[in-house]
Amino acid sequence: MFSKVLQVLCFATVAVSQPLPALPDQFEAWIQCNIVNKNYTVNIHEIYDYPGNRALLSRYHGGLPGDDEQGYSKTLYLYDYGEYIHTNSTSCDGGPINQAGRGPGFGRNPNRIETSQELFAFGNGTVTRNPGQTEVYMGYESVNGVQCERWWSNITMVVPMGPAGTMVMSMDLDYYFTGDNWLIPQANATKIPHMLNLAGNRTIMYANGTNDFHTFHHYYLYAGFHVGPPRQNSWFTVEKDKKCTGNLTFIPYEEPENSKDGKDDDKFSLTILIVVAVATAIVVHLFTCLLMIMCKRNSGSSMPKQPTFNNPNSNTDSEL
């Protein structure tokens, strides 16, 4: 359910009179997901890197007690190796990327990450993917004080569950992008996602004739949206103390701090030398100033004169 909903975190160009803004081929987003119907928050860090043929989805999950995904978890989608790697606080597993089963549609193509328009294709509904879906442009609205443009859409999804039955999901979505006249601290971007409001219901019709009805309401608030390549390759690594299981051909473990061909050690040594040299120069300067002050005081003072006593009875002339 959650991975299905995550597919609406990003948006694509759609065939309507006022299309949704297209996403860039490299971006990084920080998203606060407020799961209203369950009273918890999930913070998401997402990286989409089409030129690098990879993606990342990290979650800081409020969750529920006993949920193995509670806390921090991260999933890497490494298309060059055809595999995914999922880690959390206690484990690491992975396998072929088309078996990932997590994230906003990552892994449908096992060889190449899809474009943002293909990956988040809610707009161009097809026979198998959201048939008949359209987005309706609703004009400008203020969201958290930010002038945004709003699109509205309704989705009905029928998901076969095999012998267990069928799931039917219906939801209303409101997409909000920053308006043309709103200044944002992002390079090479004129419109970025600001919020998604999602509300709906889900019914599971079991083969035995029973039904399970569930309502949901989620807010996805974009706290940050950076356009461009990932700024830290270390995000695409696995902690060196993790032992990963599964059918994996490559695990990008983080490098030890004293590796990297000694380059970091050289930089550290150079930094120490510079700091020591500057500190020595400062001490010498202060000591020189102190000596100059002491010398100046000594040269400006004289020995006290001997006191002169005038004897009123003395008279030089009388003595002569």
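Residues numbered from 1 in each chain as written. Predicted model: local features only at pLDDT ≥ 70, side-chain atom pairs only at ≥ 80, totals over all residues. Heavy atoms only, no water.

K.L.:
Looking at this structure, I do not really get the state of the cysteines. What am I missing?
P.N.:
The term disulfide refers to a covalent linkage connecting the sulfur atoms of a pair of cysteines. Using the criterion set out here, one finds one disulfide in the structure. The side chain of Cys92 participates in a disulfide bridge whose partner is Cys244; the two sulfur atoms lie 1.9 Å from each other. What sets the handedness of the Cys92 and Cys244 disulfide is the S-S torsion sign, and at about 80 degrees it is right-handed. Residue Cys92 is located in strand β6 (residues 92-96), and its partner Cys244 is located in the loop between β11 (211-227) and β12 (245-246); the two are separated by 152 residues in the primary sequence. Residue classification places Cys92 among the buried residues on the basis of a relative accessible area of 4%. (Disulfide = S-S within 2.5 Å. Helix = DSSP H or I, 4+ residues; strand = E, 2+ residues; numbered from the N terminus. Buried < 20%, exposed > 50% of the residue type's maximum accessible area, 1.4 Å probe, protein only.)

K.L.:
Is there a simple way to explain the nonpolar core in this structure?
P.N.:
Soluble globular proteins tend to bury their nonpolar side chains together. One finds Tyr77, Met171 and Phe225 to be the most contacted residues of the largest nonpolar core, which totals 40 residues. Secondary structure elements with two or more residues in this core: β1 (26-35), β2 (40-49), β3 (54-61), β8 (146-160), β9 (165-178), β10 (193-206) and β11. With six residues, the top contributor of residues to this core is β9. Counting 10 residues, the second largest nonpolar core, distinct from the first, contains Ile47, Leu56, Cys92 and Leu248. (Core = buried A, V, L, I, M, F, W, Y, C linked by side-chain atoms within 4.5 Å.)

K.L.:
Help me understand the sheet that holds β10, please; the structure alone is not making it clear to me.
P.N.:
Sheets are built from strands that pair by backbone hydrogen bonding, the pairs being arranged parallel or antiparallel. The strand order across the open sheet built from 12 strands is β7-β8-β9-β10-β11-β1-β2-β3-β4-β5-β6-β12, with neighbouring strands paired in mixed fashion. Of all strands in the sheet, those bounded by a partner on one side alone are β7 (135-143) and β12. Of the strand pairs in this sheet, β1 and β2 are connected by 10 bridges, and their pairing is antiparallel. The residue of β2 that forms the bridge with Glu28 is Ile47. (Pairing = 2+ DSSP bridges.)

K.L.:
Please clarify how the confidence of the model for the protein should be interpreted in this entry.
P.N.:
As a general rule, the predicted coordinates of low-pLDDT regions are not to be interpreted in detail. Mean pLDDT over the protein works out to 76, with 63% of the residues at or above the 70 mark. Within the protein, the lowest mean pLDDT, 38, falls on helix α4 (residues 316-319), and the highest, 94, falls on β10. A low-confidence stretch, residues 1-16 stays under pLDDT 50, and its non-local contacts, those more than four residues away or across chains, total 64 contacts. Between residues 122-129, whose pLDDT stays under 50, and residues either more than four places distant or in other chains, the model counts 22 contacts. (pLDDT = per-residue confidence, 0-100. Contact = heavy atoms within 4.5 Å.)

K.L.:
Can you help me understand the pattern of salt bridges in this one?
P.N.:
All chains considered together, the criterion is met by eight salt bridges. When the shortest N-O distance is used, the salt bridge between Asp180 and Lys191 registers 2.8 Å. One end of the pair, Asp180, is in the loop between β9 and β10; the other, Lys191, is in the loop between β9 and β10, and 11 residues separate them in sequence. Residues Glu254 and Lys240 are paired through a salt bridge, measuring 3.5 Å at the closest nitrogen-oxygen approach. Pair noted here: Glu254 is in the loop between β12 and α3 (263-299) and Lys240 is in the loop between β11 and β12, with a separation of 14 residues, a long-range link. By relative accessible area, which is 30% here, Glu254 ends up partly exposed. (Salt bridge = Lys/Arg side-chain N within 4 Å of Asp/Glu carboxyl O.)

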